[in-house]
Amino acid sequence: MKKRVLITRKRYIFLGLAMVVAAFGLLFMDGLPDATRLRADQLLLKSMEKGHYINSDDLADKIISGDPSLLIVDLRDSVQYAKYSLPNSLNVPYGKILDKDYIGYFDQDQFKVVLYSNDHLIAEQAWLILSSKNFSDLYVLKGGLNEFFNTIIRPQEPVATAPESEFNKYNTRKAAGYYFGVPMPRSVKNGQGGNGITETGGLLASKKRKAITIRKKKKKKVGGC
Amino acid sequence: MKELKQTNKIFIAGIVFFSLILLGVLTAKKPVLPYKITAKEALKLVGDTSKMVSIKNIPSNAQWIDVRNQYEFAKGHIEKATNVYAADLFEPFSIRYFEQLKKEGKKVILYGQDINEASDPWLILSQLGFDNIYYLKEGFDGYQNKKNLAHFRNPEQPALDYARFFVEARKKMMGEGK
């Protein structure tokens, strides 16, 4: 009789230990580096929807109107960034986007983050990697800085026979161009202060960075009961 | 006798408990094709020029794959290319095809209308363990204008010196003012 009680007790202990081990296993599931990655086929569909593109006109409009929910990230190296970058943009070279210091800018739900590079090849590929980690609210500047220059900074004047809407668009873009540092003719400001442009050509406005604080996103748990 | 019954109950409860866990593990949704590399490793592929193929020096033993849709493909395509529309990339027949090409040791070159169209399918396939996949730098547009490639700008090259543009625009306007 005593022996049976002992066996029963042993089994209790064994069961208890097994459950503790299983519970620890659950803890580690969350710690796997890529436990929360978006499935590859879903990622492909998401990229093909093209909903993450923002064009130059929309971005220029958002920058000029001072959209507070906007966070612009320059993915090029620091040399190119120092030479010219969009006003108030933040420099995170694309090789570092997953580093501890920078990942907080992408793993958040506070800002609409617009990624850009010279074309949109690097920005798009970086977007794909970040999206595969299930980060949301990420956008890509379509055509990158090159396209931005072609549309906003030096827009093509439409031909005389073009519809009026084309002329309106041209005028809007030209006005936006002045905001981004194109010297404005007949402006008193030009004579002094250089219209916000330094001697080397960098934008004065872009030197003044706004401080960006990122709230930490609540960590989503995977697994568990 | 009473003790024995209790032991049996514990035993049965234990079996049920573990079989439930086993059932959960077995029926967990597994992706058809899991990632073979982590996101950090995949980041090294971003902008990797060694995976871009130029129309000027095409490797031999290569298989062209057109990732545009079938209508674009029908309008015109690179000779000997096969059409795998990007949206069909995860269909079983596409996967079988890519696996077969890998087994044969062939280089696979993806192309779209421009480099951007092939870049997403390339980056996704590369993460799934297909390391024999490349993509065309000039795209189908470049292939069609083969003779005019002198003006082709490498992807991610700035089209102009942005900073100098502003300096010159200012100089030009000041000159006009005087």
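What you see is a predicted model; the values in this text were computed from it and never measured.

Another aspect to go through is the overall build of chain A. The helix and strand tally for chain A stands at eight helices and five strands. Reading the helices (α) and strands (β) of chain A from amino to carboxyl end gives α-α-β-α-β-α-β-β-α-β-α-α-α. Per-residue burial for chain A yields a buried fraction of 30% across its 225 residues. A separation threshold of at least 6 residues defines the contact pool for chain A, and within that pool the share at least 24 residues apart is 62%.

Facing the 44 residues of chain B at the interface are 47 residues of chain A. The set of elements that each furnish at least two residues to the side of chain B that touches chain A consists of helix H1 (2-27), helix H2 (39-43), helix H5 (115-127) and helix H7 (162-177) of chain B. Here the element with the most residues in the side of chain B that touches chain A is H7 of chain B; it accounts for eight residues. A breakdown of the residues in the side of chain B that touches chain A according to their chemical character gives 29 nonpolar, nine polar and six charged.

Where helix H2 (residues 40-49) of chain A meets H5 of chain B, the axes come as close as 10 Å, and the angle between the chain directions of the two elements is 170°. Judged by the inter-axis angle, H2 of chain A sits roughly antiparallel to H5 of chain B. Listed contacts from H5 of chain B to Ala40, Leu43, Leu44 and Ser47 of chain A of H2 of chain A are Asp120, Ile124 and Gln127 of chain B.

What follows deals with the domain arrangement of chain B. One frequent convention defines the size of an interface as the accessible area lost when the parts assemble. The assigned domain composition of chain B is domain 1 (1-30) and domain 2 (39-162). Put simply, the middle of domain 1 of chain B and the middle of domain 2 of chain B, counted by C-alpha atoms, are 52 Å apart.

So, about helix H6 (residues 144-153) of chain A. Burial of H6 of chain A is extensive: eight of the 10 residues sit out of reach of the surface. Along H6 of chain A, the positions that sit buried rather than exposed are Gly144, Leu145, Asn146, Phe148, Phe149, Thr151, Ile152 and Ile153 of chain A.

Reading guide: rules and limits
Residues numbered from 1 in each chain as written. Chains lettered and ligands numbered in written order. Predicted model: local features only at pLDDT ≥ 70, side-chain atom pairs only at ≥ 80, totals over all residues. Helix = DSSP H or I, 4+ residues; strand = E, 2+ residues; numbered from the N terminus. Buried ≥ 20, exposed ≤ 12 C-beta atoms within 10 Å, placed from the backbone. Contact = placed C-beta atoms within 7 Å. Nonpolar A, V, L, I, M, F, W, Y, C, P; charged D, E, K, R; others polar. Axes fitted to C-alpha atoms, helices over the stretch in contact; angles between N-to-C directions. Parallel < 35°, antiparallel > 145°, perpendicular 65-115°, else oblique. Domains from an automatic or database assignment.

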